[in-house]
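Results of the structural survey
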Amino acid sequence: RTHWRTVQYLPLIIGLSGLIVTIWLFSVPNSAATDAAIVTLVPTFASLALTAWQVIADRDNDLASRADELAESVASEWEGHRLALLGDYSLPADIEFSRVRLEGLVRYRTAVGPRRGRMTEVLGFFLELRPSRLVIVGAAGSGKTVLAIELLIALLADRADREQPGRREVPVLLSLSSWDTRRTLQEWITDHLVSTYQMRERVARRLVGGHWVIPILDGLDEMDAGAATDAVRQLNTHASFNLPGPLVLTCREEQYLELAEHRELGLQDAAVVHIRYRLWPDISNSG
């Protein structure tokens, strides 16, 4: 390991040495020294650029490792608390849901993706959305939280099954009733990772700021009207690499309709799916 560390530092050593030599050669008052200095510029800057690339790669690898630890903690939590949190739901073996029409209510773009889905296939439904932003609405007790939890578990399982390297975000469920919207979304999620999963604040902040977390936000209807409005406004600015950031939101149908129709405020670039067909026109029957 010590030998490998030495090899890693070689580009930095070469780059700094080359920089010193280059500065010294430029200070020598003759053309030969100047020509030599120009020649040394290429390997000097190449070595420094390689050093910078290594620093970025090491940081990404470190964040990926921290994300793996977070995923293990989230999975462990749900192994022990899933049934306790869901309670005694009287639900069918599977939950069906369908996209709903919102174009006449809000002026935001909707996510591209499937029109219908069911709980056993919710992972595929979510992964096909572009962007990956989902709003689950329905009546009280219709299974909104159940569907969100099943998606979280499916995302964790999919993450664990993928062996190829690369970015693999971690779904984290949060109750919106605990969000004081005077704080930013990132601050709130960071605090949740620290308090719930005992992560160091610096690591949690880097994971959230680096877009390694998929927020699954339960219970917009549990916030008062002002806080819900502030929450949706912040969610509409939630971006991942200048694109709408992935997230899941649950809300009772009446409250979401109130926000979308009367306040003209809904989640941008999202697919809205409805578990019970009561207040919403079904987009699948609109041609």
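It should be emphasised that the depicted structure is a prediction, and the values quoted were computed from it without experimental measurement.

1. Here's the deal with helix H6 (residues 201-209)
- Listed in full, the buried residues belonging to H6 are Val203, Ala204, Arg206, Leu207 and Val208.
- Within two residues after H6, His211 carries a phi angle of roughly 65°, on the positive side.

2. Comments concerning the pattern of salt bridges
- This structure, assessed with the given rule, holds 9 salt bridges.
- Between Arg118 and Glu96 there is a salt bridge, with its nearest N and O atoms 3.4 Å apart. In this pair, Arg118 sits in strand S2 (residues 116-118) while Glu96 sits in strand S1 (residues 96-99), placing the two residues 22 residues apart along the sequence.
- Judged by its relative accessible area of 30%, Arg118 is partly exposed.
- Arg183 is the salt-bridge partner of Glu187, the closest N and O atoms lying 3.8 Å from each other.
- Residue class for Glu187 comes out partly exposed when judged on its relative accessible area of 35%.
- Three or more residues are tied together by salt bridges with common partners; here these are Asp68, Arg159 and Arg168.

3. Let's talk about the nonpolar core
- Judged by nonpolar contacts, the single largest core of 70 residues is most densely connected at Leu70, Leu134, Leu193, Leu220 and Tyr256.
- Of the residues forming this core, the biggest block, 9 residues, is contributed by helix H4 (residues 144-161).
- For Leu70, the contacting residues outside a window of four places in its chain are Val170, Val172, Leu193, Tyr197, Met199, Leu207 and Val213.

4. So, the confidence of the model for the chain
- For the chain, per-residue confidence averages 78 on the pLDDT scale, and 65% of positions sit at 70 or higher.
- When pLDDT is averaged over each element of the chain, strand S5 (residues 213-218) comes out on top at 98 and helix H1 (residues 2-27) at the bottom at 53.
- Note that residues 1-8 has pLDDT below 50 and, in this model, 2 contacts with residues that lie over four places away or in other chains.
- Ignoring residues within four places in sequence, the model shows residues 277-281, a span with pLDDT below 50, making 22 contacts including any to other chains.

5. What to know about H4
- Under the 1.5 Å per step criterion, the end-to-end length of H4 is 26 Å for 18 residues, consistent within 8% with the ideal 26 Å.
- Burial of H4 is extensive: 13 of the 18 residues sit out of reach of the surface.

6. Concerning the packing of helix H5 (residues 185-197) against H6
- Running from amino to carboxyl end, H5 crosses H6 at an angle of 135°, the nearest separation of the two axes being 9 Å. Judged by the inter-axis angle, H5 sits oblique to H6. The two elements H5 and H6 cross, and the hand of that crossing is right-handed. Across the interface between the two elements, Gln186, Ile189, Thr190, Leu193 and Val194 from H5 touch Glu201, Ala204, Arg205, Val208 and Gly209 from H6.
- Grouping the amino acids of the contact of H5 with H6 by side-chain chemistry returns 5 nonpolar, 3 polar and 2 charged.

7. Considering the pairing of strand S4 (residues 170-175)
- Buried residues dominate S4, accounting for 5 of its 6 residues.
- Of the strand pairs in this sheet, S4 and S5 are connected by 6 bridges, and their pairing is parallel. Paired with Val172 across the two strands is Pro215, which belongs to S5.

8. Overview of the pairing of S1
- As judged from the 3 bridges shared by S1 and S2, these two strands associate in the antiparallel manner. When the sheet's bridge partners are listed, Phe97 is paired in S2 with Gly117.

9. Structural notes on empty space enclosed by the protein
- Across all of its chains, the model carries 3 cavities of 30 Å³ or more by this definition.
- Volume-wise, the largest cavity comes out at about 50 Å³.
- What lines the largest cavity is simply Gln186, Ile189, Val208, His211, Trp212, Val213, Pro215 and His238.
- Counting residues per element, the ones that place at least two in the lining of the largest cavity are H5 and S5.

Conventions and cut-offs
- Residues numbered from 1 in each chain as written.
- Predicted model: local features only at pLDDT ≥ 70, side-chain atom pairs only at ≥ 80, totals over all residues.
- Heavy atoms only, no water.
- Buried < 20%, exposed > 50% of the residue type's maximum accessible area, 1.4 Å probe, protein only.
- Helix = DSSP H or I, 4+ residues; strand = E, 2+ residues; numbered from the N terminus.
- Salt bridge = Lys/Arg side-chain N within 4 Å of Asp/Glu carboxyl O.
- Core = buried A, V, L, I, M, F, W, Y, C linked by side-chain atoms within 4.5 Å.
- Contact = heavy atoms within 4.5 Å.
- pLDDT = per-residue confidence, 0-100.
- Expected span 1.5 Å × (residues − 1).
- Axes fitted to C-alpha atoms, helices over the stretch in contact; angles between N-to-C directions.
- Parallel < 35°, antiparallel > 145°, perpendicular 65-115°, else oblique.
- Left-handed = near helix turned anticlockwise from the far one by under 90°.
- Nonpolar A, V, L, I, M, F, W, Y, C, P; charged D, E, K, R; others polar.
- Pairing = 2+ DSSP bridges.
- 1 Å grid on protein atoms, 1.4 Å probe; cavity = no way out; pocket = protein on both sides within 12 Å on 5 of 7 lines; lining within 4 Å.
- Points joined across faces, edges and corners; volume = space filled by probe spheres on them.

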